[in-house]
Structure formats: C-alpha cells, structure tokens
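Residues per chain are reported as follows:
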Amino acid sequence: MTRPRTVFLDVDGTLIDHTQHLRPSVLEAVQGARSAGHLLYVCTGRSRVEIPQAISDIGFDGVISAGGGFIEHGDRLVAAHTMSATEAQDVIDFFEQHSVEYTLQAFESTYPSQGLLPRLMPFFESFEMDPARGDRLVEAMTYRGPAPLDGIAKATFFGTDPRTFATVRDGLGSRFHVITGTIPYLGEAGGEASLGGIHKGAAIEELLATLGLDLADSIAIGDSSNDLEMLQVAGVGIAMGNADAAVKAVADEVTTRVDDDGVWNAFRRHGLV
C-alpha cells in the first residue's frame, strides 16, 4: 500500500458522465481506496442537496459543495463561506437587471429564479433522459418564491446570449469569483458566481489545514473550469480525458475519460486500489 492519501473528486464529468451514468468501476475504486485507508471527498460545484443519491450512497469521508462554499468532514460542517445579505441582493439585482436567470445555492436548499425553468426546458427536451430524472430537474428548477438572503454561498447563472458570461464577469468580477464552462450545453451563456477567494482549491487547503494533513499527500481529479484551482493546489492534480483543454493544461497528468473508467485508472496508477 502507498502512504495514506487524501483524494478529492469532482462529480459531473468525473464520477458520473453528463447523462448522470455511474460506472461500476467508480464504486469499486472509491470503496476500495477507503478500505485501504485513504480519505475520499466529493468536491463539487453542486449544492449538497443536488448531489445524486447514487453518489452519496457510495460512501465518502466528507463533501466540499457549492464550489468550496461548504466544507464537511464526516457529519460535521467544518466551514460555510456565504454571502452577506447585501452581497446576495446585489447579485440578484444584477441578474434581474440583465435578464439572466439563476439558481442560488444554500447548504440545504437551492432557490431558482422565476424564469429559469421556461428558459432551460428547450435544452432538457433536446436530451435523452429517463422520465424520473426529467421530473427531478423540473422540480428543482421550479420557482418557489423569493430566496432568503442569508446562507447563500454561490449563484449559478443561465443566459441565452453567448455574451452572458462576459456581462456577468465584467459586472461582478471585481467583487466575486466568476467562472464559466461548468455547464457544457450552455457554453459562454452560463457560469457561476461565488465570493472572491472561494473555490474548490481554497476549500481543500482549509480542510487539510483543519485536519492537520499534508497538502503534498492530496490528489484531486476533475474535468471543468471550476476544478482548475483544486488541480493546482493538490499534490497531484489529475484531469479526466474528457476535460477541457485549459484543465488538462494545469494538471500534472491526464487519465482516461469518464466513460472509460478514468477514476479507476487514476487510482490504479497511484496505488490507491
């Protein structure tokens, strides 16, 4: 066995593909590595409640969610980096002024904007997905009234104009961490906005410092723009074979694609299983 490692795994495009399919090799890799004494954490841009049950059921040592907004170890919430009520209102006002639909992410819930579901339905209808997943997406993106302004860690935004990301970046980027490329079918029409300095890489550093673990013994695996910082800070940053070119460029190595047992092959290469 290698020395104990701490491993951080993105969800979409890493643990599951973009149709939500989970390969059996992922289950075998994660459970095998934990049995061997390694610590494994989900590290996702999703809010906690948006993580698929199939992922939660695998069993992990903790979760970093909302792109670093919330950090959990076991059953303990280690840190919550949320916007002030004023900051959350400023984000909402900006989106509404520019006709950008959005979802606000809190720890235990998400809050979609009023026009989100009508805007995204044409995208969903163009995909082949099982009816149960379609029903869950509709439920998650149905407007349920104004969002509370406390406890919001991140906003995910959705536009129809390819210039949407640039608009949000230029309007909010001096105060917030604004990225794009995390929702493949939206391209530059979507992205994420969180507090400045809050991202997956910062969350990994904070968690390991809290646990007294060495950053050099960490491994991070991801595929998208919100994985850039975590691949850069980890002792070994691994890009999936299906990752964006920019992600591969900052990674220490590249494994196979999500549909070609990328996580399993990375674990085997590093002696985790």
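Keep in mind that what you see is a predicted model, and the values were worked out from it rather than measured.

**A short note on the overall build of the chain**
- A tally of regular secondary structure across the chain gives 10 helices and 13 strands.
- For 273 residues, the compact-globule estimate of 2.2 N^0.38 gives 19 Å, and the C-alpha radius of gyration of the chain, at 18 Å, lies within 12% of that figure.
- Here the C-alpha coordinates of the chain stretch approximately 55 × 40 × 35 Å along the principal axes.
- Looking at the chain residue by residue over its 273 residues, the buried ones come to 51%.
- Considering only residue pairs separated by 6 or more positions, the chain has 60% of its internal contacts joining residues 24 or more positions apart.
- Distance between charge centroids for the chain: 4 Å, based on 20 positive and 38 negative side chains.

**Comments concerning the nonpolar core**
- Ranked by internal contacts, the top residues of the largest apolar core, which has 26 residues, are Leu9, Leu15, Leu40, Ile55, Phe60, Ile221 and Phe267.
- The set of elements that each furnish at least two residues to this core consists of strand E1 (6–9), helix H1 (24–35), strand E2 (39–43), strand E11 (218–222), strand E12 (236–239) and helix H10 (262–269).
- Ranked by the residues each element gives to this core, the list is headed by H1, at 4 residues.
- Ala88, Ile92, Phe165 and Ile198 belong to the second-largest nonpolar core, a separate cluster that totals 21 residues.

**Some details on the sheet that holds E2**
- With respect to topology, 8 strands assemble into an open sheet ordered E5-E4-E3-E2-E1-E11-E12-E13, the strand pairing being mixed. Looking along the sheet, the strands with just one partner apiece sit at the ends: strand E5 (76–80) and strand E13 (253–254).
- Relative to strand E4 (residues 70–73), strand E3 (residues 62–65) runs antiparallel, the two being bridged by 4 bridges. Residue pairing for E4: serine 65 is matched across the bridge by phenylalanine 70.
- Strand contacts of helix H7 (residues 200–211): E1, E2, E3, E4, E5 and E11, with the helix running at about 35° to E4, the strand carrying the most contacts.
- Along the sheet, H10 contacts E1, E2, E11, E12 and E13; its crossing angle with E1, the most-contacted strand, is approximately 165°.

Definitions and limits used
- Once a new chain begins, its residue numbering starts again from 1 and follows that chain's sequence as written.
- Restriction of local features to residues with pLDDT of at least 70 applies here, the model being predicted, together with a cutoff of 80 or more for giving and counting side-chain atom pairs; totals for whole chains, interfaces and linings are based on all residues.
- With hydrogens and water stripped out, all remaining heavy atoms of the structure feed into the side-chain values.
- The helix and strand labels rest on DSSP assignments: H or I over at least four residues marks a helix, E over at least two residues marks a strand, and numbering proceeds from the N terminus.
- Radius of gyration here uses only the C-alpha atoms, and the compact-globule reference equals 2.2 Å multiplied by the residue count raised to the power 0.38.
- When accessible area is computed with a 1.4 Å probe and restricted to protein chains, residues below 20% of their type maximum are described as buried, those above 50% as exposed, and intermediate ones as partly exposed.
- Any two residues whose heavy atoms approach within 4.5 Å at even a single point are treated as in contact.
- For the purpose of counting charges, residues Lys and Arg are taken to be positive, whereas Asp and Glu are taken to be negative. His and the chain ends are not included.
- Working definition for charges: the position is that of NZ of Lys, CZ of Arg, CG of Asp or CD of Glu.
- In this description, a nonpolar core means a group of buried Ala, Val, Leu, Ile, Met, Phe, Trp, Tyr and Cys residues linked to one another through side-chain atoms lying within 4.5 Å.
- When DSSP finds at least two bridges between two strands, those strands are taken to pair.
- Lines fitted to C-alpha atoms define the axes here, with helix axes fitted over just the stretch in contact, and angles between the N-to-C directions of these axes take values from 0 to 180 degrees.

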